[in-house]
There are 2 protein chains.
Amino acid sequence: MTDRLWLSLFPDRLPESIHSPVETARAELEGFPDLHVALRETDGPLTWEKDGDAECLSGQGQDLLRAVYGRIFSHLLSEPFEPVSTPSFSLRMINCWDNLDGSVERGYSGRSLFFEGGKLSYDRDRIRFLGRLLASVGINCICINNVNVLHEAQRLMEDLLPETAALADLLRPFGVRLMLSADFALPLRHGIATADPFSPEVQAFWANTCREIYRCIPDFAGFLVKADSEHRPGPFTYGRNHADGANMLARALKPFGGVVIWRAFVYNCQQDWRDTSTDRPMAPYLTYTPLDGQFDDNVILQVKNGPYDFQVREPISPTLLAMHRTNLALEFQLAQEYTGHQIDIYAMPGLFREVLDDLRGTAIPAIAGVSNLGRDKNYTGHPFAALNLFAYGLFALNREADPEEVTEQFVRLAYPSLNTEGAASLTRLLMRSRGIYEKYTSPLGLCWMVVPGLHYGPSPDGYEYQSWGTYHRADRNAVGIDRTGQGTGYVLQYPADLQARYADPHACPDNMLLFFHRLPYSFVMRDGRTLIQRIYDDHFEGYEETEAMQKELEKLLESLPDEDARICRERMQLQLSNAREWRDVINTFFHRLSGAEDARGRKIYA
Amino acid sequence: MTDRLWLSLFPDRLPESIHSPVETARAELEGFPDLHVALRETDGPLTWEKDGDAECLSGQGQDLLRAVYGRIFSHLLSEPFEPVSTPSFSLRMINCWDNLDGSVERGYSGRSLFFEGGKLSYDRDRIRFLGRLLASVGINCICINNVNVLHEAQRLMEDLLPETAALADLLRPFGVRLMLSADFALPLRHGIATADPFSPEVQAFWANTCREIYRCIPDFAGFLVKADSEHRPGPFTYGRNHADGANMLARALKPFGGVVIWRAFVYNCQQDWRDTSTDRPMAPYLTYTPLDGQFDDNVILQVKNGPYDFQVREPISPTLLAMHRTNLALEFQLAQEYTGHQIDIYAMPGLFREVLDDLRGTAIPAIAGVSNLGRDKNYTGHPFAALNLFAYGLFALNREADPEEVTEQFVRLAYPSLNTEGAASLTRLLMRSRGIYEKYTSPLGLCWMVVPGLHYGPSPDGYEYQSWGTYHRADRNAVGIDRTGQGTGYVLQYPADLQARYADPHACPDNMLLFFHRLPYSFVMRDGRTLIQRIYDDHFEGYEETEAMQKELEKLLESLPDEDARICRERMQLQLSNAREWRDVINTFFHRLSGAEDARGRKIYA
């Protein structure tokens, strides 16, 4: 097995004997004697000092490891790497949506790394490699099971707890703490008649459960909870609010230093499409901002980067900007659910940059990335999808990271076989990939035109008459939802500066125009094009740019390892088909509705 | 277990000891001593004679049984029943789409009556009841496994053959012969490198297979084959045509008296939606009519009633009218795949009448009904769905049957608890059900506006950009495919009288207008309404009539057995929701496209 990821550069395996980050650090440094880095064993915060030619590190936990990996990356890149001393986010999580049956919800890299057949089932070397991988980019917490606690995953806190603890033992030397998704209704499985957070019996149950978990996993990170969302149980069942529910769990974890990560993902998934007064993106803000200040200090409210659900283009979630007295976690989805299934190339560093720009000045202690990892040999399905995990870690450490720099570092670390020109070319290709994907898929911030359920490929009306609250309401004259003050009022959830940016269709960024506004096809944009012409242009260009990307990629592939080249080539061909399908379906859909001809006479199918 | 169907009237069980139709006939007559019918044991064709007060029947096989059941039904109805002496179709089949894993493709009555967990698994009493059920309406052949031979169903002709034979033994006393769906590629499972029908090795394989089958099942009916269709293997793989493939199998069966039922269901299921020159309904005619006269005499080409696939409204399949030198079977789908999943009430006698009217003068030796049976207590999910099996049998016996008479007979046999007025009311309700379903679903012969895969509920564009060749191409001005001589030319596949009926939009029956024509929304129909207004009217009326049906049904339910009443009530509520959803989605879809307002100002959602 040759695991390919940026860490393919490292010596093949770490010794079985490592049991702590210091031992890991020492083992890693042994692979790089040229580095002239020594370790000094002291407890306490990370420090480093020059000692003649050599550098001497001391410290503990993942901080120390991070410094070590930073030195190694600097060495490999021949340039300074990772200069942050205090990470921007103190809790840097990966959320795996893995089920005990071995399936992975929205997983595009094969089956679960942790589970199979209803139990824990893993390759110890691969788990150790995973720890190394996470530690090298500063990820210090992993939630191993799906937020939808299905397929008897409750057993991880019950009879499977000893095996869960054994997995935590494997990750501990990398400074990666284990977290579990908790089922809010768990007490019901244990003969308790309710899961009401106000019930003393329920509180005692959770206190006991936590005591048991911490007996087995002393550094257990805490619980991740998706409650009252998409048919999951939660406090609403008992007439309690989400602060009541989260705080109850938090108090059970508190004595042991654990946290509750509470997902702010409540909306009406049984909406009637006829109902135009309910606007799903408004739901998180409406549900959670009234609770601001009511959450305990070891509750962290985890909010997706946008108000919907990881669409190709969403504005920043207003909830993230409105909860000043609540600990927040910012959630990204590295798994490419809506962004190409790790078939299409879609580099996320630009997304991280934009979102963090919008959050400038907002204190957020934690960050979460929904995992794009699986049992595939290369862990991420498409080898380039590893960039998104790498970059996620670096942005989690440094909110000010530069997308292009991060991408280039990934390219050079992962593919030392590329010459300078090749690395620059691949970097440019990756940097452009997100914009290209956006062009051939969703027009101007219009969401949800994907095949229902699958979420790959176009289906313009696929969600239009469903209950998920995801409508574009395109008709023969106009398209989009009016989310201004004259419409649903969603835009009023933003602070004044963003309201100003979004509320006026003549000021709104083009790429979010149809997120915020309902506009006629004849609407004239700032560059003089009509809205419909812009939709056509984007889709034709998106396909052409995908073709060009395929040509550029082909030139680079001979410098890549054979296996990577093969996978890249195969998936690029699928991506090109996907781009063509999107182009034609979206253009035909709008042509049928609007009747507008393409100004440049390109082929739009009838 | 009280199985409800018309045969709930009969004594609960037949004795285990019956082994032949004569024994069955005798056992049934013992339950009705008032009948004064005696049997005389002679071989030969069915005869009956008066012997004083009593009637004396002699004959063999299912003919005798049919006469017995006819006398019993006459007695129960106090009116003459089943006067046919020579059935209109000599081979009267049920095709079950049951898989060995116990699932039923397009089954809405629970799991398979025959299979579970990869093997035969059944209740002997229920199989005996099934035989009785089929025999009572003259069905003399049952194919037990899915035409898509999946989940190791090939084993029915291999190691599971003894158990398959045991099932045939249970059905034999009812004059019901067993048939199996065959996998054209079966030789490949037996170490033969090809399934080419011209290969002597393949021919020898099938000859051997048939010999083995007939050794175990002496009255085996033959093979049902779906070849080269929807990813099934077939002769095309080897550069042979369908006569080559069917005749090869027929010759293997010939020495034993078996037939090949060859399904004429070939089309391009990988069509590009951009392709407007390929028109799927044309495929069966184009594939099979050039082979007319080339099939062996024990090959029967089984053709669906319409050219597509059991849509709510299709014209007669032109293939049925064009194969005068080929033995044909007419295929109906009793399973309500597109007609309400046995949740919505949809009585088929009117369909049978219309199709058989269109086929008047055409000799067709066989008929097939895709089974609506399953392991549900009442066999058909909705108790009224039993009507469709009952009526199918009676129309198979008598092409000239009257839908209203058949429906009334069903109502009176199944629900003797209803008084005259109640029976008349339920008969009227059932007779109207098909038209109501058609109104709230498919507009004017437009097909495929259903949720893809599921085929229940509306999704106007659901199949529009898929590869199944099922497009309506609705845009802001017009809807439908032009299938006249100026369009795809489909209408030219019909004889002159039907061409005349369908080709002119001003002569074409309203209910097929959008099957044959592409028309602007402003098209003025014979009654003066515009096309779009007619679509709106039908959908509003369809829902209103469903509401009225619910009210009428409610009045009848107290006279029905409790279990039936409960099921009918629950499903009627679901049907009403379904009708509402169809009404609003279809109306909104066309309103968005056309911009036309409802002339009567009723609510169409934005």
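Small disclaimer: the values here were computed from a predicted structure and weren't measured. (Residues numbered from 1 in each chain as written. Chains lettered and ligands numbered in written order. Predicted model: local features only at pLDDT ≥ 70, side-chain atom pairs only at ≥ 80, totals over all residues. Heavy atoms only, no water.)

Details of the overall build of chain A
- Check the secondary structure of chain A and you find 15 helices and 15 strands.
- For 606 residues, the compact-globule estimate of 2.2 N^0.38 gives 25 Å, and chain A sits close to it at 24 Å.
- Based on the C-alpha atoms only, the size of chain A along its principal axes is roughly 70 × 65 × 45 Å.
- Roughly 21,300 Å² of accessible area belongs to chain A as shown, and the carbon and sulfur atoms make up 50% of that amount. (Helix = DSSP H or I, 4+ residues; strand = E, 2+ residues; numbered from the N terminus. Rg over C-alpha atoms; globule rule 2.2 N^0.38 Å. Areas by Shrake-Rupley, 256 points an atom, 1.4 Å probe, with all protein chains shown as cover.)

Regarding the relation of the copies chain A and chain B
- Aligned on chain B, chain A shows an RMSD of 0.0 Å; the corresponding rotation is 180° and the shift along the axis is 0.1 Å. With respect to symmetry, the two chain copies, as superposed, fit the operation of a two-fold axis. (Least-squares fit on C-alpha atoms with pLDDT ≥ 70 in both.)

A look at the sheet that holds strand β4 (residues 91–95) of chain B
Residue and element names in this part refer to chain B.
- Read around the closed barrel, the eight strands follow the order β4-β7-β8-β9-β10-β11-β12-β13; overall the barrel is parallel. This sheet shows a mean twist of 25° between the axes of neighbouring strands, independent of strand direction.
- By the bridge criterion, four bridges tie strand β11 (residues 299–304) to strand β12 (residues 328–333) in an arrangement that is parallel. Residue pairing across strands places Gln302 opposite Ala329, the latter belonging to β12. (Pairing = 2+ DSSP bridges. Axes fitted to C-alpha atoms, helices over the stretch in contact; angles between N-to-C directions.)

Overview of the state of the cysteines
- All told, the structure shown has zero disulfides over all chains when counted by the stated rule.
- Cysteine Cys508(A) shares no disulfide, and the gap to the nearest cysteine sulfur, in Cys447(A), comes to 12 Å.
- Cys508(A) gets classed as buried once you look at its relative accessible area, which sits at 0%.
- With no disulfide of its own, Cys96(B) lies 7.4 Å from the sulfur of Cys143(B), the closest cysteine sulfur.
- For Cys96(B), a relative accessible area of 3% gives the class buried. (Disulfide = S-S within 2.5 Å. Buried < 20%, exposed > 50% of the residue type's maximum accessible area, 1.4 Å probe, protein only.)

Focus on the interface of chain A and chain B
- The interface of chain A with chain B comprises 24 residues on the first partner and 24 residues on the second.
- Regarding the contact of chain A and chain B, the summed buried area is about 2,200 Å², with carbon and sulfur atoms giving 51% of it.
- Taken as a group, Arg274(A), Arg476(A) and Arg592(A) account for 37% of the area that chain A buries against chain B, more than any other trio of residues on that side.
- Taken together, the links from chain A to chain B amount to eight salt bridges.
- Residues Glu464(B) and Arg592(A) are paired through a salt bridge, measuring 2.9 Å at the closest nitrogen-oxygen approach.
- Summed over the shared surface of chain A and chain B, the result is 17 residue pairs in polar contact (both at pLDDT 80 or more). (Contact = heavy atoms within 4.5 Å. Buried area = accessible area lost by both parts, 1.4 Å probe. Salt bridge = Lys/Arg side-chain N within 4 Å of Asp/Glu carboxyl O. Polar contact = N/O pair within 3.5 Å; in protein donor to acceptor, adjacent residues only side chain to side chain.)

Overview of the sheet that holds strand β1 (residues 37–40) of chain B
Residues and elements named next belong to chain B.
- The strand order across the open sheet formed by three strands is β1-β3-β2, and the pairing between neighbours is mixed. Every interior strand has two partners, whereas the edge strands, β1 and β2 (47–51), have only one. The average undirected angle you get between the axes of adjacent strands in this sheet is 25°.
- As judged from the five bridges shared by β2 and strand β3 (residues 54–58), these two strands associate in the antiparallel manner. Directly across from Glu49, in β3, lies its bridge partner Cys56.

What to know about the side chain of Thr588(A)
- Along the chain, Thr588(A) turns up in helix α15 (residues 562–594).
- At a separation of 3.0 Å, a polar atom in the side chain of Thr588(A) contacts the main-chain carbonyl oxygen of Tyr605(A).
- Thr588(A) has contacts with Ile604(A), Tyr605(A), Ala606(A), Trp273(B) and Tyr465(B), leaving out every residue within four places of it along the chain.

Structural notes on the pairing of strand β3 (residues 54–58) of chain A
Residues and elements named next belong to chain A.
- Buried residues dominate β3, accounting for four of its five residues.
- As paired strands, strand β1 (residues 37–40) and β3 are joined by four bridges and run parallel to one another. Bridging from a neighbouring strand, Ala38 pairs with Cys56 of β3.
- What sits between the antiparallel neighbours strand β2 (residues 47–51) and β3 is a turn of two residues, in which Gly52 has the positive phi angle 70°.

Section: the packing of aromatic side chains
Residue and element names in this part refer to chain B.
- Tallied over the full model, the rule gives 68 aromatic pairs over all chains.
- An angle of 20° between the planes, with centres 5.3 Å apart, marks the rings of Phe129 and Tyr379 as stacked. With a gap of 250 residues between them, Phe129 in helix α3 (residues 124–136) and Tyr379 in the loop between β13 (366–370) and α9 (386–397) connect regions that are remote in the sequence. In this pair, the class of Phe129 matches that of Tyr379, namely buried.
- Their ring planes at 10° and their centres at 4.3 Å tell us that Tyr502 and Phe516 sit as a pair that is stacked. Of this pair, Tyr502 sits in helix α12 (residues 496–503) while Phe516 sits in helix α13 (residues 513–516); the two residues are 14 residues apart in sequence, bridging distant segments of the chain. Like Phe516, Tyr502 is buried. (Phe/Tyr/Trp six-rings, centres within 6.5 Å; stacked < 30°, edge-to-face > 60°.)

Observations concerning helix α10 (residues 403–414) of chain A
All names here are of chain A.
- For α10, with twelve residues, the first-to-last C-alpha span of 16 Å sits near the 16 Å given by 1.5 Å per residue.
- Within the span of α10, buried status applies to Pro403, Val406, Thr407, Gln409, Phe410, Val411, Leu413 and Ala414.
- Those residues of α10 hidden inside the fold are in contact with α2 (61–77), α8 (349–358), α9 (386–397) and α11 (420–440). (Expected span 1.5 Å × (residues − 1).)

Structural notes on the environment of Arg353(B)
Residue and element names in this part refer to chain B.
- Here Arg353 shows up in helix α8 (residues 349–358).
- What makes Arg353 buried here is its relative accessible area of 12%.
- Taking the C-alpha atoms as reference points, Arg353 and Leu519, separated by 166 residues in sequence, lie 29 Å from one another.
- Non-local contacts of Arg353, meaning those with residues more than four positions away in its chain, are made with Arg360, Phe395, Arg399, Glu400, Ala401 and Pro403.
- In terms of polar contacts, Arg353 uses its side chain to reach the backbone carbonyl oxygen of Arg399, at 2.7 Å.
- One polar contact links the side chain of Arg353 to the main-chain carbonyl oxygen of Ala401, over a distance of 2.7 Å.

So, the environment of Phe589(B)
- For Phe589(B), the position within the fold is in helix α15 (residues 562–594).
- In this structure the C-alpha to C-alpha distance between Phe589(B) and Tyr605(B), which are 16 residues apart in sequence, comes to 9.3 Å.
- Filtering out sequence-adjacent residues up to four positions away, Phe589(B) remains in contact with Asp461(A), Tyr465(A), Met449(B), Pro460(B), Asp461(B), His472(B) and Ala474(B).

Comments concerning the side chain of Asp537(B)
Residue and element names in this part refer to chain B.
- For Asp537, the location among the structural elements is in helix α14 (residues 531–557).
- Exposure remark for Asp537: the relative accessible area of 7% places this residue in the buried category.
- Setting aside residues up to four positions removed in sequence, Asp537 forms contacts with Arg529, Asp598 and Arg602.

Description of the pattern of salt bridges
Residue and element names in this part refer to chain A.
- Tallying each qualifying case throughout the model produces 100 salt bridges over all chains.
- The salt bridge involving Arg432 is made with Glu552; its shortest N-O contact spans 3.5 Å. Linking Arg432 in helix α11 with Glu552 in helix α14 (residues 531–557), this pair joins segments that are 120 residues apart in sequence.
- Among the residues examined, Arg432 registers a relative accessible area of 34% and is labelled partly exposed.

Considering the pairing of strand β11 (residues 299–304) of chain A
Residues and elements named next belong to chain A.
- Counted residue by residue, β11 has six buried out of six residues, so it is predominantly covered.
- Burial of β11 is two-sided: the residues Val299, Leu301 and Val303 facing one way and the residues Ile300, Gln302 and Lys304 facing the other way are all buried.
- Sheet topology places strand β10 (residues 259–263) next to β11; four bridges connect them, and they run parallel. Residue pairing for β11: Val260 is matched across the bridge by Val299.
- Regarding the hand of the β-α-β motif, the stretch spanning β10, helix α7 (residues 283–288) and β11 is right-handed. (Right-handed = clockwise from strand over helix to strand, strands pointing away.)

As for helix α4 (residues 161–171) of chain A
- Of all the residues in α4(A), the buried ones are Leu161(A), Thr164(A), Ala165(A), Leu167(A), Ala168(A), Leu170(A) and Leu171(A).
- Contacts from the buried residues of α4(A) go to β6 (119–120), α3 (124–136), β7 (141–143), β8 (177–181) and α5 (200–216) of chain A.

Digging into the packing of α10(A) against α11(A)
Residue and element names in this part refer to chain A.
- Between α10 and α11, the shortest axis-to-axis distance is 9 Å and the interhelical angle comes to 130°. Relative to α11, α10 is oriented oblique. For the pair α10 and α11, the sense of crossing is right-handed. Two secondary-structure elements touch here, α10 through Pro403, Glu404, Thr407, Glu408, Val411 and Arg412 and α11 through Ala423, Leu426, Thr427, Leu430 and Met431.
- Of the residues in the contact of α10 with α11, the class split is six nonpolar, two polar and three charged. (Parallel < 35°, antiparallel > 145°, perpendicular 65-115°, else oblique. Left-handed = near helix turned anticlockwise from the far one by under 90°. Nonpolar A, V, L, I, M, F, W, Y, C, P; charged D, E, K, R; others polar.)

Side note on the packing of α8(B) against α9(B)
Residues and elements named next belong to chain B.
- Contact geometry of α8 with α9 gives a least axis separation of 9 Å together with a crossing angle of 30°. On the basis of their axis angle, the class for α8 and α9 is roughly parallel. α8 and α9 meet at a crossing whose hand is right-handed. Where α8 abuts α9, its residues Pro349, Phe352, Arg353 and Leu356 lie against Leu387, Asn388, Ala391, Tyr392 and Phe395.
- Residue composition of the contact of α8 with α9, by class: seven nonpolar, one polar and one charged.

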